[in-house]
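# Examination of the molecular architecture
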Amino acid sequence: MTMTPRSPVAVLARWWFAPAPAERLAALRMLIGGYAFVYLWIRFGELLAVTRFPATQWRAVGVTRLLDGPLAPTVMLVIVVVTMVLLAAFVLGLQYRIVAPLAALGLLWVTSYRNSWGMVFHTENLMVLHVIALACMPAADRWALGRPPGEAAAGYGWCIKLLVVLMVATYVLAGIAKLRIAGLGWIDGELLRNQIAIDNLRKALLGGSIAPLATQFLEHPSAFTVFCVLTLALELGAPITLLGGWPARLWVLAVWGFHVGVIFLMNIWFLYPLVGAAFWPVLRVERPFASLFGRVARWRDPRRAA
Amino acid sequence: MTRVAAAVVSVVLIGATLSPLARKPADDGYPLSTYPMFAWRRPTKLTMSYPLGVTARGPRYLSPGIIGSFEVLQARAIVERAVAKGGKEVAMLCERIAARVATTPRFADVTAIRIVTGNHDAVDFLVRDAPGIEYERAACEVRRR
């Protein structure tokens, strides 16, 4: 069977492998890898605190199911530190083909371990998926330490699209889950209002901070119908980002606003989208790096500036 | 990397990310999640266990970090598991919390810890300032040197 230029597979392949600059993928390697490094840095104390929980709290999830029980605190300390070192090398592009898969595996292990103590957080999934995906890509063909620029035979456009598709998939899955669990009745607002009320009550009873606008909106249940419609529209409308251009940027802005709204109503911080990391693959993130590296090159070699 | 290898990587990663669609929504996982949060129907009534600090001016809520985790939901899991096991386990949790309170200046007014199970309506509690009822599960003193 031959593939004609107009066959759906050929059209899909042309779109999927449409060229994109290697610098964009390199910038995403540095940004997303850098985010993961900082994330572990900030959470360092908490990652180690869980190792001191009683073993009775242990509920293995994901890859940690390989274990019979929790690891010794010192073993986990070593794994976290090694993962951070690997992520630093990941950002720099050092020995990328070896380092990147190890860094991704380390990150998957560390975050899975943290989630194995009674509560699965949904704020880290996309970060881990993005780092795993980057580890499978030729993301160190530019701006990598100790390595000359390379050229991937399949180009770099598919890599950027894959990162976008993974982001889109997580939002679409969240939308589908609401419809599978609650049906279209989810948009009547009562369910979301109750979720927000219960979530804030739990925080209040445990001495956490309740969301700044929660109590005001709980008195006006009809507002939640609007929130529900907007939430489902944004989640199920995520594939619009695959069009690129202004529709993608508009969606990103709207979803970012949605996450800000979640802070005001639930005080839940989805840091990865809030700092923009989830959406970097949609943007031309190579530009600030190109500008910065150009300036550095001119500073080191003034003849170039002339 | 060739186009064939790129296509294989793409299909595997997209397939894995979408694979939770083949599972029941309640069968959550990590990092391949069904993302079921905020989708379940639930009443505004909540029965939950939590520690209270006893002070001269009445009870005060503590903090997730004092319970054992800076994450609220993980702190909740710590208390719920101890209460579910009861007896010695809940008494030990009370002592651990009391020991942390004893060394935390902002809880200097707390003289004892009570671990309680409360039945509250979330809207009444948050909007109308009308808490429900609480049952004591364990109590212990805060011993300062």
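Residues numbered from 1 in each chain as written. Chains lettered and ligands numbered in written order. Predicted model: local features only at pLDDT ≥ 70, side-chain atom pairs only at ≥ 80, totals over all residues. Heavy atoms only, no water.

In terms of helices and strands, chain A carries 14 helices and zero strands. Listed N to C, the secondary structure of chain A is α-α-α-α-α-α-α-α-α-α-α-α-α-α in terms of helices and strands. Summarising its shape, the C-alpha atoms of chain A cover approximately 65 × 55 × 50 Å along the three principal directions. Taking all 306 residues of chain A together, 53% fall into the buried category. Of all intrachain contacts in chain A linking residues separated by at least 6 positions in sequence, the fraction that spans at least 24 positions is 75%. A total of about 13900 Å² of accessible surface is found on chain A, and carbon and sulfur atoms cover 69% of it. Here chain A contributes 26 positive and 13 negative side-chain charges, whose respective centroids are spaced 8 Å apart. (Helix = DSSP H or I, 4+ residues; strand = E, 2+ residues; numbered from the N terminus. Buried < 20%, exposed > 50% of the residue type's maximum accessible area, 1.4 Å probe, protein only. Contact = heavy atoms within 4.5 Å. Areas by Shrake-Rupley, 256 points an atom, 1.4 Å probe, with all protein chains shown as cover. Lys, Arg positive; Asp, Glu negative; His and termini not counted. Charge placed at Lys NZ, Arg CZ, Asp CG, Glu CD.)

Further remarks concern the nonpolar core. Core analysis: the largest hydrophobic core is formed by 139 residues, its most contacted members being Trp158 and Met167 of chain A together with Ile113 and Ile115 of chain B. Considering each element in turn, this core owes the most residues, 14 residues, to helix 7 (residues 157–182) of chain A. Non-local contacts of isoleucine 113 of chain B, meaning those with residues more than four positions away in its chain, are made with Pro51, Leu52, Gly53, Leu62, Cys94, Ile97, Ala98, Val101, Ala138, Ala139, Cys140 and Val142 of chain B. (Core = buried A, V, L, I, M, F, W, Y, C linked by side-chain atoms within 4.5 Å.)

So, on to the domain arrangement of chain A. Accessible area lost upon the coming together of the parts serves often as the stated size of an interface. Residue and element names in this part refer to chain A. Assigned domains within chain A: domain 1 (7–155) and domain 2 (160–306). Domain 1 and domain 2 are separated by 21 Å when their C-alpha centres are compared. Contacts between the two partners involve 24 residues from domain 1 and, on the opposite side, 25 residues from domain 2. Together domain 1 and domain 2 conceal approximately 2400 Å² of surface at their shared face, both sides included; 82% is due to carbon and sulfur atoms. Across the domain 1-domain 2 interface, the total number found is one salt bridge. (Domains from an automatic or database assignment. Buried area = accessible area lost by both parts, 1.4 Å probe. Salt bridge = Lys/Arg side-chain N within 4 Å of Asp/Glu carboxyl O.)

Further remarks concern the interface of chain B and chain A. Listed by partner, the interface residues are 62 residues for chain B and 74 residues for chain A. Between chain B and chain A the total buried area reaches about 6300 Å² when both faces are included, carbon and sulfur atoms providing 70% of it. Three residues, Tyr30, Tyr35 and Phe38 of chain B, lead the burial of chain B against chain A; their summed loss comes to 15% of the area buried on that side. Linking chain B with chain A are two salt bridges. Contributions of two or more residues to the side of chain B that touches chain A are made by helix 1 (3–18), strand 1 (45–55), helix 2 (64–67), helix 3 (72–85), helix 4 (87–102) and helix 5 (122–127) of chain B. Of all the elements, helix 1 of chain B adds the most residues to the side of chain B that touches chain A, at nine residues. Across the side of chain B that touches chain A, the residue classes break down as 37 nonpolar, 12 polar and 13 charged. (Nonpolar A, V, L, I, M, F, W, Y, C, P; charged D, E, K, R; others polar.)

Another point: the pairing of strand 1 of chain B. All names here are of chain B. Along strand 1, eight of the 11 residues are buried, which leaves the element largely enclosed by surrounding structure. Pairing geometry for strand 1 and strand 3 (residues 112–121), over 10 bridges, is antiparallel. Directly across from proline 51, in strand 3, lies its bridge partner isoleucine 115. Here four bridges tie strand 1 to strand 2 (residues 58–61), and the two strands are oriented antiparallel to one another. (Pairing = 2+ DSSP bridges.)

In the predicted model, chain B carries a mean pLDDT of 94, and 100% of its residues have values of at least 70. Interface scoring of the predicted complex returns ipTM 0.93; its pTM is 0.91. (pLDDT = per-residue confidence, 0-100.)

What follows covers the sheet that holds strand 4 (residues 133–141) of chain B. All names here are of chain B. The strand order 2-1-3-4 describes an open sheet built from four strands, whose pairing is antiparallel. In this open sheet, the two edge strands, each paired with only one partner strand, are strand 2 and strand 4. Across the sheet, the mean angle from the axis of one strand to that of its neighbour is 35°, orientation sign disregarded. (Axes fitted to C-alpha atoms, helices over the stretch in contact; angles between N-to-C directions.)

All right, on to the state of the cysteines then. Per the counting criterion, the structure on display carries one disulfide over all chains. Across a sulfur-sulfur distance of 2.2 Å, cysteine 94 of chain B and cysteine 140 of chain B are joined as a disulfide pair. Its torsion about the S-S bond being -100°, the disulfide of cysteine 94 of chain B and cysteine 140 of chain B is classed as left-handed. Placement of cysteine 94 of chain B in helix 4 and of cysteine 140 of chain B in strand 4 is noted, with a sequence separation of 46 residues between them. Here cysteine 94 of chain B matches cysteine 140 of chain B in class, with each residue buried. Unpaired in terms of disulfides, cysteine 159 of chain A finds its nearest cysteine sulfur in cysteine 136 of chain A, a separation of 10.0 Å. (Disulfide = S-S within 2.5 Å.)

Time to look at a nonpolar patch on the surface. Residues Leu292, Phe293, Val296 and Trp299 of chain A make up a contiguous nonpolar surface patch of roughly 430 Å² in combined accessible area. Its place among the elements puts valine 296 of chain A in helix 13 (residues 286–300). (Patch = residues over 30% accessible without salt bridge, like charges linked within 9 Å, V, L, I, M, F, W, Y side chains within 5 Å.)

This part takes up unusual backbone geometry. Residue and element names in this part refer to chain B. With an omega of 5°, the peptide bond between tyrosine 30 and proline 31 qualifies as cis. Residue placement: proline 31 occurs in the loop between helix 1 and strand 1. Even without a glycine there, the phi angle at tyrosine 35 is positive, about 50°. For tyrosine 35, a relative accessible area of 5% puts it in the buried group. Within the chain, aspartate 129 stands out as a residue other than glycine whose phi angle is a positive 55°. By relative accessible area, which is 65% here, aspartate 129 ends up exposed.

Moving on, we come to helix 3 of chain B. Residue and element names in this part refer to chain B. In this model helix 3 runs 20 Å from its N-terminal to its C-terminal C-alpha over 14 residues, within 8% of the 20 Å that 1.5 Å per residue would give. For helix 3, every residue scored as buried is listed here: Val72, Gln74, Ala75, Ala77, Ile78, Val79, Arg81, Ala82 and Val83. Positive backbone phi, at 70°, marks glycine 86, one or two positions downstream of helix 3. (Expected span 1.5 Å × (residues − 1).)

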